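Chain by chain, the residues:
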Amino acid sequence: MIEKSLRQLGQALAAREISSVELTSLFLDRIARLNPEINAFITVDREQSLAQARAADARLAASAAGPLTGIPIAQKDIFCAQGWTTTCASKMLANFVSPYDATVIAKLHQEAGMVSLGKTNMDEFAMGSSNETSYFGPVKNPWDRTRVPGGSSGGSAAAVAARLAPVATGTDTGGSIRQPAALCNLTGLKPTYGVVSRYGMIAFASSLDQGGPMAPSAEDCALLLNAMSGFDARDSTSLERPVEDYARDLEKPLAGLRIGLPREFFGAGCDPAVMAAVQAAIGEYEKLGAVSVEVSLPNSHLSVPAYYVIAPAEASSNLSRFDGVRYGYRAPDYDSLDDMYMKTRAQGFGAEVKRRILIGAYVLSHGYYDAYYLQAQRIRRLIAADFVEAFKSCDLIMGPTSPSTAFKLGERAADPVQMYLSDIYTIAVNLAGLPAMSIPCGFADGLPVGLQLIGDYFAEARLLNAAHRFQQATDWHRRQPADIA
């Protein structure tokens, strides 16, 4: 059962080959056995999960089930879930039990009938590219336990890669779904900004954050996105659009598909073995009938500096609510209200979160706002315009997801700039608000390599079609770590 796709699991549950309680127990037992070493989950509540599974079995018995009812899922610990500890991997929220469900959680659990297995580990407040900034310790990559799984959705990626869950939710602010998917041999999709509700998703950078699915295959991602997406009046950035079936074009032939290859993605700075796997994948697309065209994203080299002004600026504003007054951690000893604020924030936040709050406060301060924040927003507009121009001559853009395979734990921890450059190919997509995904496309020195597919606004179905047809022709996405049985 741990090998089956979402569609196969749904069919097995509908045919009564297995009950949701049995399926959920199977994955909970794997978590109990394998999670102590991988550290993919922060919170597991067996009783809550089994109660949800019993409710799903009742829906199945009453013929009131949907295609995902009864299937277990891992939830990134950035989504509020009623009655579950929701920590965002921070000491600041280590004991916070959410009084309500995020829209994504409500859609997947209450509407679709999926069963939450637990809350997955992540970089603290989603700030990181390696899952090493978590208060609850680093996550280990199931392909090599001495290496990082990527971040910030590293726990979700490791959980699915180790088959501790069939699928998982993630969030992507600058590559936090796609980069871990690449490093753990998964398919991960960041939808167009506004397609998935951010209500109940703990905010990092509000103009960049977007939730999305992480799964072994594109078909799984399509089915999960169908359940996750949709307009939400409680999220002011949610887009009011007709409901889509993102699986509708999965089988469409790729003949004539124009693939844009940005010259900026194929120059220096990428590991040659990673680039070789990416080039081979593009060759496979050409065998499937696609044609390659060269495009340019001339301002893409400015995406990292622009992002690391805009994202910290928004983070410094969003994280000001964590002050020890209403909820979350509060310093045990203080002399005054100001002293309580300062000690609470000094003790409650980790080093990377503090660094970004300080940067954000600085670039928003009087005298520096125009020079930094306003300038970064102008560059953001130029980056978005580059994509608009590129899509005049192509249907999808392709390139590497990450410039390297999974690096060693601790290797970049002391060098923030090296860490930030892990996201050099992914950040521009968030600045422009476009949909993009990473799919497995090969291996370099025994470690997974991801191919990034970038689409025009609302082109999720086209992305999923291109990914699915590639996965029908290759078996990279079916490869699993050797020691997870």
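Before reading further, recall that the structure is shown in the block above.
The notes below deal with the structure included here. (Residues numbered from 1 in each chain as written. Predicted model: local features only at pLDDT ≥ 70, side-chain atom pairs only at ≥ 80, totals over all residues. Heavy atoms only, no water.)

1. A short note on the overall build of the chain
What counts is decided by this rule: For the purposes of this entry, the term helix denotes a DSSP run of H or I that reaches at least four residues, the term strand denotes a run of E that reaches at least two, and both are numbered from the N terminus. For the radius of gyration, the atom set is restricted to C-alpha positions; the globular benchmark scales as 2.2 Å times the number of residues to the power 0.38. Each residue is placed in one exposure class: buried if its accessible area under a 1.4 Å probe, protein chains only, is under 20% of its type's maximum, exposed if it is over 50%, and partly exposed if it falls in between. Here, two residues are considered to be in contact whenever any of their heavy atoms come within 4.5 Å of each other.
What the chain contains, in helices and strands, is 15 helices and eleven strands. Its C-alpha radius of gyration of 21 Å places the chain within 12% of the 23 Å reference for a compact globule of 485 residues. Evaluated residue by residue, the chain yields a buried proportion of 62% over its 485 residues. Across the chain, contacts joining residues at least 24 apart in sequence account for 76% of those joining residues at least 6 apart.

2. With respect to the state of the cysteines
Operational definition: Here, a disulfide means two cysteine sulfur atoms that sit within 2.5 Å of each other.
Applying the stated criterion across every chain, the model contains zero disulfides. Not part of a disulfide, C270 finds its nearest cysteine sulfur in C441, a span of 9.9 Å. Free cysteine: C394, not disulfide-bonded; nearest cysteine sulfur from C441 at 18 Å. What makes C394 buried here is its relative accessible area of 2%.

3. Things to note about the packing of aromatic side chains
Which entries qualify depends on this criterion: Aromatic pairs are defined between Phe, Tyr and Trp rings, using the six-membered ring for Trp, whenever the two ring centres lie within 6.5 Å; interplanar angles under 30 degrees are classed as stacked, those over 60 as edge-to-face, and all others as tilted.
A complete count under the given rule lists 16 aromatic pairs for this structure. On the numbers, 4.0 Å between centres and 15° between planes, the contact of Y308 with Y420 is stacked. In this pair, Y308 is assigned in helix α9 (residues 303-318) and Y420 in helix α13 (residues 416-420), connecting sequence segments 112 residues apart. Side by side, Y308 and Y420 carry an identical accessibility label, which is buried. Each member of the aromatic cluster is reached from another via a ring pair, and the members are F96, F125, F322, Y327 and F349.

4. Some details on empty space enclosed by the protein
What counts here: In this analysis, the protein atoms alone were mapped onto a 1 Å grid. Cavities are point sets where a 1.4 Å probe fits without being able to get out; pockets are open sets with protein on both sides within 12 Å along at least five of seven lines; lining residues have an atom within 4 Å of a point. Grid points are joined across faces, edges and corners, and a volume is the space filled by probe spheres set on the points. Any residue that is not Ala, Val, Leu, Ile, Met, Phe, Trp, Tyr, Cys, Pro, Asp, Glu, Lys or Arg is counted as polar, Gly included; the first ten are nonpolar and the last four charged.
Taken as a whole and assessed by the stated rule, the structure comprises three cavities of 30 Å³ or more. Size it by volume and the largest cavity reaches roughly 70 Å³. In terms of lining, the largest cavity is formed by 13 residues, of which the most central are G128, S176, Y307, R356 and D423. Class assignment of the residues belonging to the lining of the largest cavity gives a composition of five nonpolar, six polar and two charged.

5. Brief notes about helix α7 (residues 218-228)
Summarising burial for α7: ten of the eleven residues are buried, a large majority. Buried within α7 we find A218, E219, D220, C221, A222, L223, L224, L225, A227 and M228. Directly beyond the C-terminal end of α7, a positive phi value near 130° is found at G230.

6. What to know about the pattern of salt bridges
Quick note on the threshold: The term salt bridge refers to a pairing of a side-chain nitrogen on Lys or Arg with a carboxyl oxygen on Asp or Glu at a separation within 4 Å.
The final tally for this structure, using the stated rule, is 21 salt bridges. Here R46 ties to D29 by a salt bridge, and the two come within 3.0 Å at their closest N and O atoms. Of this pair, R46 sits in helix α3 (residues 46-61) while D29 sits in helix α2 (residues 20-38), placing them 17 residues apart in sequence. As a salt-bridge pair, R356 and E352 come within 2.7 Å of each other at their nearest N and O atoms. Placement of both R356 and E352 in helix α11 (residues 351-363) is noted, with a separation of four residues, approximately one turn of the helix. Here R356 matches E352 in class, with each residue buried. Among the ionic contacts, a cluster of salt bridges with common partners joins R241, E244, R248 and D249.

7. A word on unusual backbone geometry
The step from G151 to S152 runs through a cis peptide bond, and the omega angle for that step is 5°. Phi angles above zero are rare outside glycine, and F458 is one such case at about 65°. On the basis of relative accessibility, which here comes to 31%, the residue F458 falls in the partly exposed class.

8. As for helix α1 (residues 6-14)
Put simply, the rule is: Comment: arc refers to directions from the helix axis out to C-beta atoms.
Buried within α1 we find L6, L9, G10, A12 and L13. Buried positions in α1, seen along its axis, are confined to an arc of 165° and lie on one side of it. For α1, the elements touching its buried residues are α2, α3 and α7.

9. As for the packing of helix α8 (residues 272-287) against helix α15 (residues 460-473)
The line we're drawing: For helices, the fitted axis covers only the stretch in contact; all axes are lines through C-alpha atoms, and the angles between them, taken along N-to-C directions, range from 0 to 180 degrees. Here the angle decides the label: under 35 degrees means roughly parallel, over 145 means roughly antiparallel, 65 to 115 means roughly perpendicular, and every other value means oblique.
Where α8 meets α15, the closest approach of the two axes is 10 Å, and the angle between their N-to-C directions is 95°. Put simply, α8 runs roughly perpendicular to α15. Judged by residue contacts, A281, E284 and Y285 of α8 engage A466, A467, F470 and A473 from α15. Here the contact of α8 with α15 is composed, by residue class, of six nonpolar, no polar and one charged.

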